[in-house]
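Here are the chains, one letter per residue:
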Amino acid sequence: MMNETIKTLLERRSCRCYSDRQVDPAALDEILKAGTYAPTGMGRQAPKIVVVQDKETIAQLERMNAAIMGNPDAHPFYGAPTVLIVLTDPEMFTHLEDGSLVMGNLMNAAWSLGVDSCWIHRARQEFDSPEGKALLRKWGIDERYIGVGHCILGYRAGEYRERLPRKEDFIVRV
């Protein structure tokens, strides 16, 4: 017995090759709304989602991310035209879990609407840096916020990587 939600969860893929076509605004609004409905510890809603679609800011974030990765020539956002940055308030005891659930909701909602996505790491290091703190100030966000991840969004331009089979001991019944 499979409903549309389970189908989305089983079929969703990460995309690492994007066209330059911008995400449909109505789809983006629905994706963002789904992110805001992720469960959070005690309903405190510690995360924030920053929407970045201007090429200059995306290029800056990608440069910062590639430097942290140790490969300044890399393009870790794979040409995605939209980057959603999930930040969270570290003063909330479930901040990392809350931000991770937001990331999951964003990616699953995107897939359900025909938009591709991928979780890109190193947001924590980006926003711990002086350049990252300056971006937070520019966006009017308290500097205490930490990065959880980047949810890159767009439409696939290449092939998906081969899906890995699920490991044998993923589920342990006791």
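Reading the values: the criteria
- Residues numbered from 1 in each chain as written.
- Predicted model: local features only at pLDDT ≥ 70, side-chain atom pairs only at ≥ 80, totals over all residues.
- Heavy atoms only, no water.
- Helix = DSSP H or I, 4+ residues; strand = E, 2+ residues; numbered from the N terminus.
- Rg over C-alpha atoms; globule rule 2.2 N^0.38 Å.
- Contact = heavy atoms within 4.5 Å.
- Areas by Shrake-Rupley, 256 points an atom, 1.4 Å probe, with all protein chains shown as cover.
- Lys, Arg positive; Asp, Glu negative; His and termini not counted.
- Charge placed at Lys NZ, Arg CZ, Asp CG, Glu CD.
- Core = buried A, V, L, I, M, F, W, Y, C linked by side-chain atoms within 4.5 Å.
- Buried < 20%, exposed > 50% of the residue type's maximum accessible area, 1.4 Å probe, protein only.
- Polar contact = N/O pair within 3.5 Å; in protein donor to acceptor, adjacent residues only side chain to side chain.

Glancing now at the overall build of the protein chain. Helix and strand content of the protein chain: six helices and four strands. Order of helices (α) and strands (β) in the protein chain, N terminus to C terminus: α-α-β-α-β-α-β-α-α-β. Taken over C-alpha atoms, the radius of gyration comes to 16 Å for the protein chain, in line with the 16 Å a tight globule of 174 residues would show. Principal-axis analysis of the C-alpha atoms places the extent of the protein chain at approximately 50 × 40 × 35 Å. Across the protein chain, contacts joining residues at least 24 apart in sequence account for 83% of those joining residues at least 6 apart. For the protein chain, the computed accessible surface area is about 10,300 Å², with 53% contributed by carbon and sulfur atoms. For the protein chain, the centre of its 22 positive side-chain charges and the centre of its 24 negative side-chain charges are spaced 3 Å apart.

Attention shifts here to the nonpolar core. Generally speaking, soluble globular proteins have nonpolar side chains that are buried together. Ranked by size, the top nonpolar core spans 20 residues in total, and within it Ile-85, Leu-87 and Ile-152 carry the most contacts. Sorting the residues of this core by element identifies strand 1 (47-52), helix 3 (55-69), strand 2 (82-88), strand 3 (116-120) and helix 6 (130-138) as the ones contributing at least two each. With sequence-adjacent residues up to four places away left out, Leu-87 is seen in contact with Ala-46, Pro-47, Lys-48, Val-50, Phe-127, Leu-136, Ile-141, Tyr-145, Ile-146, Gly-147 and Val-148. Core analysis: the next-biggest nonpolar cluster, separate from the first, contains 19 residues, Val-23, Ala-38, Leu-84 and Met-103 among them.

For the rest of this paragraph, the subject is the side chain of Thr-94. Locating Thr-94 in the fold gives a position in the loop between strand 2 and helix 4 (95-112). Polar side-chain contacts of Thr-94 include one of 3.5 Å to the backbone nitrogen of Gly-41.

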